[in-house]
Amino acid sequence: MSDETTDWLGRPGADEKPDPMRAARGHAKPALPQRFYKQAGVSEGPEGFRLTLDGRPANTPARNPLRLPTRALAEKVAAEWDAQETQIDPARMPLTRLANTAIDGVAPRLDAVAADLCAYAVTDLVAYRAGEPDRLVAAQGAAWDPVLAWAREAFGARVILSEGVMHVEQPPDTVRALAAAVTAETDPFRLAGLHTLTTLTGSLLIALAVLRGHLRPAQAWAAAHVDEAYQAEVWGRDAEAEARLEARRAEFEAAADFVEGRR
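Q: Account for the overall build of the protein, naming residues and giving values.
A: Of regular secondary structure, the protein possesses 12 helices and six strands. Buried positions account for 46% of the 263 residues belonging to the protein. Excluding contacts between residues fewer than 6 apart, the proportion of contacts in the protein whose partners are at least 24 apart in sequence is 68%. Carbon together with sulfur atoms contributes 52% to the accessible area of the protein, which is approximately 13,000 Å² in total.

Written out as structure tokens, the structure reads:
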């Protein structure tokens, strides 16, 4: 196994442990390692389902077992490895990266990740509304008001709205209710998925709606990008911006798929 592959696949018994959050993301290696295995598979054990490469148990970047909680998720991760061609490109392996993040980056620091997510309770996208034009105001209301209604019912969270970019102070009870919903998530796989869904949408409420099965991924993505859709209708579509958005959407759908297996 090459040194580059070992950096983020890991070698059992190795002492050095690189930064797990940096390594787990794995986007920016300039030279991609060569594919060194013929077949990816899954082995079942008492603690879960381990990714194997030619029968050898695989590790995360921090040398932890790359073990998934369900067979369905493990098989999807194995399929990402099988889909690699002559080189191993982490950018084409979103589920593997999320699994690495959950194991290496989230599991040892659940409280810190939850605290990071709780900060979105006071800056949630759906609380900040346009004052005009009417079409955008209506589009935001149609997409976001049902999310607010669900949050009131599910968590008892009453979100105060603001027009424009003026900061609005959310009621303490609302902040506590949403923080309780986040801290209740002690499964590192669900928390890693929730974190990705939240950061990609700017909305903890939309992310929680996906996590809990209230919104389908396509609905959630559309709700989180009402403003972009409106701007594209008014000013036309920009190919470069569209490509960036599609890349983010692929990450979002992978994260939704990731948490689907943990419901």
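Q: A description of the environment of Ala192 should follow, citing residues and the corresponding values.
A: Structurally, Ala192 can be placed in helix H8 (residues 188-201). The exposure class of Ala192 is buried, given its relative accessible area of 3%. Distance in space between the C-alpha atoms of Ala192 and Gly105 is 8.6 Å, their sequence separation being 87 residues. Excluding residues that lie within four positions of it along the chain, Ala192 makes contacts with Leu98, Ala102 and Val106.

Q: Go over the environment of Lys38 with me, naming the residues and quoting the values.
A: Residue placement: Lys38 occurs in the loop between helix H2 (20-25) and strand S1 (40-45). Residue classification places Lys38 among the exposed positions, given a relative accessible area of 76%. Sequence-wise, Lys38 and Leu53 are 15 residues apart; in three dimensions their C-alpha atoms are separated by 7.5 Å. Ignoring sequence-local partners within four residues, the contact set of Lys38 consists of Asp54 and Asp82.

Q: Tell me about the packing of helix H10 (residues 217-224) against helix H12 (residues 239-260), residues and numbers included.
A: Viewed as axis vectors pointing N to C, H10 and H12 meet at an angle of 140°, and their least axial separation amounts to 10 Å. The angle between H10 and H12 places the two elements in the oblique class. Where H10 crosses over H12, the handedness of that crossing is right-handed. Across from Pro217, Ala218, Ala220 and Trp221 in H10, the residues of H12 making contact are Leu245, Arg248, Arg249, Phe252 and Ala256.

Q: An account of the environment of Val165 is requested, with residue identities and associated values reported.
A: Along the chain, Val165 falls in the loop between strand S6 (162-163) and helix H7 (172-183). Judged by relative accessible area, Val165 falls into the exposed class, the value being 82%. C-alpha of Val165 to C-alpha of Ala130: the two residues are 35 residues apart in sequence and 8.6 Å apart in space.

Q: Explain H8 to me, and be specific about the residues and the numbers.
A: When the terminal C-alpha atoms of H8 are compared, their 20 Å separation across 14 residues agrees well with the 20 Å that a helix rising 1.5 Å per residue should span. When you tally the buried positions in H8, you get 12 out of 14 residues, the bulk of the element. What H8 keeps buried is the set Pro188, Phe189, Arg190, Leu191, Ala192, Gly193, Leu194, Thr196, Leu197, Thr198, Leu200 and Thr201. Between the side-chain oxygen at the start of H8 and the backbone nitrogen of Phe189 there is a gap of 2.7 Å, and the oxygen is on Asp187. The positive-phi residue at the C-terminal boundary of H8 is Gly202, with phi of around 75°.

Q: I'd like a description of the packing of aromatic side chains, backed by residues and values.
A: Evaluated as defined, the whole model comprises five aromatic pairs. Consider the rings of Phe36 and Tyr37, whose centres lie 5.2 Å apart with planes at 80°: the pair is edge-to-face. Residue classification places Tyr37 among the buried residues on the basis of a relative accessible area of 4%. Taking 5.1 Å as the distance between ring centres and 80° as the angle between the ring planes, the aromatic pair formed by Trp150 and Phe155 counts as edge-to-face. Of the two residues, Trp150 and Phe155, both sit in the buried class. Three or more aromatic residues link up through ring pairs in this structure, and these residues are Phe36, Tyr37 and Trp81.

Q: I'd love a proper account of the pattern of salt bridges, names of residues and values included.
A: Applying the stated criterion across every chain yields a total of 13 salt bridges. A salt bridge links Lys76 to Asp257; the nearest nitrogen and oxygen atoms lie 2.7 Å apart. Taken together, the residues span a long stretch of sequence, with Lys76 in helix H3 (residues 71-83) and Asp257 in helix H12 at a distance of 181 residues. Overall, Asp257 belongs to the partly exposed group, its relative accessible area being 26%. In this structure, Arg237 engages Glu242 in a salt bridge whose closest nitrogen and oxygen atoms are separated by 3.1 Å.

Q: Report on the pairing of S1, specifying residues and quantitative values.
A: Along any regular strand, the residues point their side chains to alternate faces of the sheet. Inspection of the sheet shows S1 paired to strand S2 (residues 48-53) by six bridges, in the antiparallel sense. Bridging from a neighbouring strand, Val42 pairs with Leu51 of S2. Connecting S1 to the antiparallel partner S2 that follows it, the hairpin turn spans two residues.

Scoring rules and cut-offs
- Residues numbered from 1 in each chain as written.
- Predicted model: local features only at pLDDT ≥ 70, side-chain atom pairs only at ≥ 80, totals over all residues.
- Heavy atoms only, no water.
- Helix = DSSP H or I, 4+ residues; strand = E, 2+ residues; numbered from the N terminus.
- Buried < 20%, exposed > 50% of the residue type's maximum accessible area, 1.4 Å probe, protein only.
- Contact = heavy atoms within 4.5 Å.
- Areas by Shrake-Rupley, 256 points an atom, 1.4 Å probe, with all protein chains shown as cover.
- Axes fitted to C-alpha atoms, helices over the stretch in contact; angles between N-to-C directions.
- Parallel < 35°, antiparallel > 145°, perpendicular 65-115°, else oblique.
- Left-handed = near helix turned anticlockwise from the far one by under 90°.
- Expected span 1.5 Å × (residues − 1).
- Polar contact = N/O pair within 3.5 Å; in protein donor to acceptor, adjacent residues only side chain to side chain.
- Phe/Tyr/Trp six-rings, centres within 6.5 Å; stacked < 30°, edge-to-face > 60°.
- Salt bridge = Lys/Arg side-chain N within 4 Å of Asp/Glu carboxyl O.
- Pairing = 2+ DSSP bridges.

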